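# Notes for the structure review
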Amino acid sequence: MTNGASSSTIGVGLLRPRRVCVIPQERPIIVTVDGPAGTGKSSVSRELARRLGLDFLDTGAMYRAATAIMLDRGLTIGQAEQLVALVMTADLHFDWNEDPPMILAWDKPIDHRIRDADVTEHVSPVSAIRELREHMVIKQRIIGHQHPRLVTEGRDQGSVVFPNAEVKFFLWATPEVRAVRRAEQLRAAGVAEVDVARLREEIEARDRSDSTRAVGPLVCPEDATRVDTTGLGFEEVVLRLEQEVRSRVLGT
Ligand code: DC
């Protein structure tokens, strides 16, 4: 295991600052990282972006922000039309001066709210709303246009949003390992009582819902490199992705 991280701590691995820019400054490149929750996608993608000198987009934050808006404005999942209209007026966007970029709604930060338990509980059905996804896809493509050197992570980045992305990854891990990683994240965040079996059930339920929805389901794009992170530490996963991008782009 590298970096002193156990295989289950992929999401919370700490690294010393290092910035090795292997992609020439003027070269546009979109790298997509898709996969289910608990594969370490966010932390891995963020570190990959940092090492390659690219911007980082967390598209889950956008669906989470929409869910927070729904809950905080007293709407329910049955009021999809009103929700989509409201999310459009919120003009979700990121402050790219922050690291990671901070999400705003109505020009106000909403990042402090989007990881709350009630948001996590409701986000999967919200992210299945067709019109909401259509709106998010447009927004994400605009971001890709404005930030053409980008690592973007989510569920549909390589399959739907950026089908022509130069490099695509799909991260995977067993539900058991993902539940243990999530438990460690919660404990690190100060949550005293963590039920790993329950977390696993929630993860499996979310996988089912994300993979079987009609619009933008979680799928591994045919041209994606699939990486099973089950037995790997954070550093190993980042290195694998970094080497793949480097060899595809620079032939090294
Ligand atoms: O990666 P995450 O846990 O922050 O994602 C939150 C939810 O949003 C998750 O249920 C899947 C959904 N999502 C999605 O449907 N499409 C994306 N591109 C990103 C996230």
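Residues numbered from 1 in each chain as written. Predicted model: local features only at pLDDT ≥ 70, side-chain atom pairs only at ≥ 80, totals over all residues. Heavy atoms only, no water.

## Structural notes on the site of the ligand
Where we set the bar: Throughout, near means a residue has at least one heavy atom within 4 Å of the molecule or strand. Distance and chemistry together define a polar contact, namely a pair of N or O atoms within 3.5 Å, with one atom able to donate a hydrogen and the other to accept it when in protein, and with adjacent residues in sequence counting only for side-chain atoms on both sides. Under the scheme applied here, ten amino acids are nonpolar (Ala, Val, Leu, Ile, Met, Phe, Trp, Tyr, Cys and Pro), four are charged (Asp, Glu, Lys and Arg), and all others, including Gly, are polar.
Of all residues adjacent to the ligand, which total 17 residues, the nearest are Arg64, Arg133, Arg155, Asp156 and Arg213. The side chain of Arg155 places a nitrogen or oxygen atom 2.9 Å from an oxygen atom of the ligand. At 3.2 Å, a side-chain N or O of Arg206 approaches an oxygen atom of the ligand. Across the shell around the ligand, the residue classes break down as 2 nonpolar, 6 polar and 9 charged.

## Let's talk about helix α2 (residues 59-72)
An α-helix turns once per 3.6 residues; consequently, residues spaced three or four apart project the same way. To be explicit about the condition: A run of H or I in DSSP becomes a helix once it reaches four residues, and a run of E becomes a strand once it reaches two; helices and strands are each numbered from the N terminus. Between the first and last residue of a helix there are one fewer steps than residues, each counted as 1.5 Å, and that sum is the expected span. Per-residue accessibility, obtained with a 1.4 Å probe over protein chains only, is compared with the maximum for each type, and a residue is labelled buried under 20%, exposed over 50%, and partly exposed between these values.
Taking 1.5 Å as the rise per residue, α2 with 14 residues should run 20 Å; its terminal C-alpha atoms sit 20 Å apart, in good agreement. In terms of residue burial, α2 counts as a mostly covered element, since 11 of its 14 residues are buried. Within α2, burial applies to Thr59, Ala61, Met62, Tyr63, Arg64, Ala65, Ala66, Thr67, Ala68, Ile69 and Met70. Capping the start of α2 is the job of one residue whose side-chain oxygen sits 3.1 Å from the backbone nitrogen of Gly60: Asp58. Looking one or two residues beyond α2, the residue adopting positive phi is Gly74, at roughly 70 degrees.

## Observations regarding the nonpolar core
Threshold: Remark: nonpolar core denotes a set of buried residues (Ala, Val, Leu, Ile, Met, Phe, Trp, Tyr, Cys) joined through side-chain atoms within 4.5 Å.
Among the nonpolar cores identified, the biggest contains 34 residues, and Ile69 and Leu132 are the most heavily contacted of them. When contributions to this core are tallied by element, the ones reaching two or more residues are α2, α3 (80-90), β4 (102-105), α4 (117-127) and α5 (130-146). Among the elements that make up this core, the one with the highest residue count is α2 (8 residues). By size, the runner-up hydrophobic cluster in this structure holds 22 residues, among which are Val33, Leu48, Phe56 and Leu241.

## Observations concerning the packing of aromatic side chains
Spelled out, the test is: A pair of Phe, Tyr and Trp rings is counted when the ring centres sit within 6.5 Å of each other, with Trp represented by its six-membered ring. The angle between the planes then sorts it: under 30 degrees is stacked, over 60 is edge-to-face, the rest tilted. Two limits define a charge over a ring: the Lys NZ or Arg CZ must be within 6 Å of the ring centre, and within 35 degrees of the ring normal.
Evaluation of the coordinates by the stated rule reveals 1 aromatic pair. Ring centres 5.8 Å apart and planes at 55 degrees place the aromatic pair Phe94 and Trp96 in the tilted group. Judged by relative accessible area, Phe94 falls into the buried class, the value being 9%. Looking at Trp96, the relative accessible area reads 26%, which means it is partly exposed. It is Arg178 that lies over the ring of Trp172; its NZ or CZ is 5.3 Å from the centre.

## Re the side chain of Glu242
Residue position: Glu242 is located in helix α9 (residues 234-250). Among the polar contacts made by the side chain of Glu242, one reaches the side chain of Arg51 at a distance of 3.1 Å.

## Considering the sheet that holds strand β3 (residues 93-95)
Here is the rule: Should DSSP find at least two bridges between two strands, the strands are taken to pair.
Spatial strand order, β3-β4-β5: 3 strands in an open sheet with antiparallel pairing. Since the sheet does not close on itself, it has two edges, and those belong to β3 and β5 (108-109), each with one partner.

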